[in-house]
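Summary of structural features
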Amino acid sequence: MSICASIENIRKEIPPQVRLIAVSKKKGVDLIMQAFDCGQRAFGENYVQELIEKRPQLPSEIEWHFIGHLQSNKVKYIAPFVSWIHGVDSLKLLNEINRQALKHQRKISCLLQMHLGDEETKHGFSLNEADAIAENILAMSLEGVHVCGVMGMGSFSDDSSITAIEFTALASVFNQLKTKYFHQHPHFKEISMGMSGDYAIAVNKGSTMVRIGSNIFGNR
Ligand SMILES: *Cc1c(COP(=O)(O)O)cnc(C)c1O
């Protein structure tokens, strides 16, 4: 199937208010341009080096989402242009994103990565740390970031009922944080969950952003 047809199929399956992030890691700029030419504007990348090599060859209208694990010492390379950082997994990282964004007089939208189930990567806050993290964030002065919600990955189980339980848990942590801490923060409204294999479940459980790679660009 063509990249365009794949994007159109996914768009038909998800509600219009759910944002589709096309995950282009390990895919060349030619393929990204095919997606761009069918109207796709939000792209997700996992590796800093790859992103900074590809970006200058691509249209400036692209909204870049950094979705991989990000080391604090690499924030400076993407802070001048990145719109969203999905994998914020420490307050140290959040602080550094804020510092670098301010240098460029920007606001970077950030999502708190929550660790669900036994996914391979152990990055992210645990669900029972969520309250403490939120209290810390509210006590920080963060003029360079918008804290916009949470992000999580299902545990790649073949059992869709396990994925459903994990996504339900993520949505419930989001709701708890919104009610207790972020009710006066209009930007705090996003739940980034759902990939090629599980985005239908994620949308069913309240996802507002799905991050889809292989279903658009083919296997990596
Ligand atoms: C690679 C990746 C995706 C996309 O995965 P697919 O299964 O190819 O859709 C989504 N989110 C994150 C964090 C990823 O690393």
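Predicted model, so just to flag it, every value in this text is computed and none were measured. (Residues numbered from 1 in each chain as written. Predicted model: local features only at pLDDT ≥ 70, side-chain atom pairs only at ≥ 80, totals over all residues. Heavy atoms only, no water.)

**Examining the side chain of Ser6**
On the secondary structure map, Ser6 appears in helix H1 (residues 3-13). Those residues within four positions of Ser6 in sequence are excluded, and the remaining contacts are Met1, Asn215 and Ile216. (Helix = DSSP H or I, 4+ residues; strand = E, 2+ residues; numbered from the N terminus. Contact = heavy atoms within 4.5 Å.)

**Considering the pattern of salt bridges**
Scanning the entire structure with this criterion turns up six salt bridges. Across the pair Glu45 and Lys54 runs a salt bridge, and its minimum N-O distance is 2.8 Å. Here Glu45 falls in the buried class, since its relative accessible area comes to 0%. Overall, Lys54 belongs to the buried group, its relative accessible area being 8%. Put simply, Glu50 and Lys54 hold a salt bridge, and the shortest N to O gap is 2.6 Å. Placement of the pair is Glu50 and Lys54 together in helix H3 (residues 48-54), with a separation of four residues, close to one helical turn. Residue Glu50 is classed as buried on the basis of its relative accessible area of 17%. Sharing partners across several salt bridges, the network here consists of Arg19, Lys189 and Glu190. (Salt bridge = Lys/Arg side-chain N within 4 Å of Asp/Glu carboxyl O. Buried < 20%, exposed > 50% of the residue type's maximum accessible area, 1.4 Å probe, protein only.)

**Structural notes on the site of the ligand**
The environment of the ligand is formed by 13 residues, the closest being Lys25, Asn46, Ser196, Gly213 and Ser214. Within the contact set of the ligand, an oxygen atom lies 2.8 Å away from a side-chain nitrogen or oxygen of Lys25. Side-chain polar atom of Arg211 to a nitrogen atom of the ligand: 2.9 Å apart, as the coordinates give it. Isolated, the ligand exposes 390 Å² of accessible area, and the fraction of that covered by the protein chains is 90%. (Near = heavy atom within 4 Å. Polar contact = N/O pair within 3.5 Å; in protein donor to acceptor, adjacent residues only side chain to side chain. Areas by Shrake-Rupley, 256 points an atom, 1.4 Å probe, with all protein chains shown as cover.)

So far we have only geometry, and geometry alone does not tell us how the molecule works.
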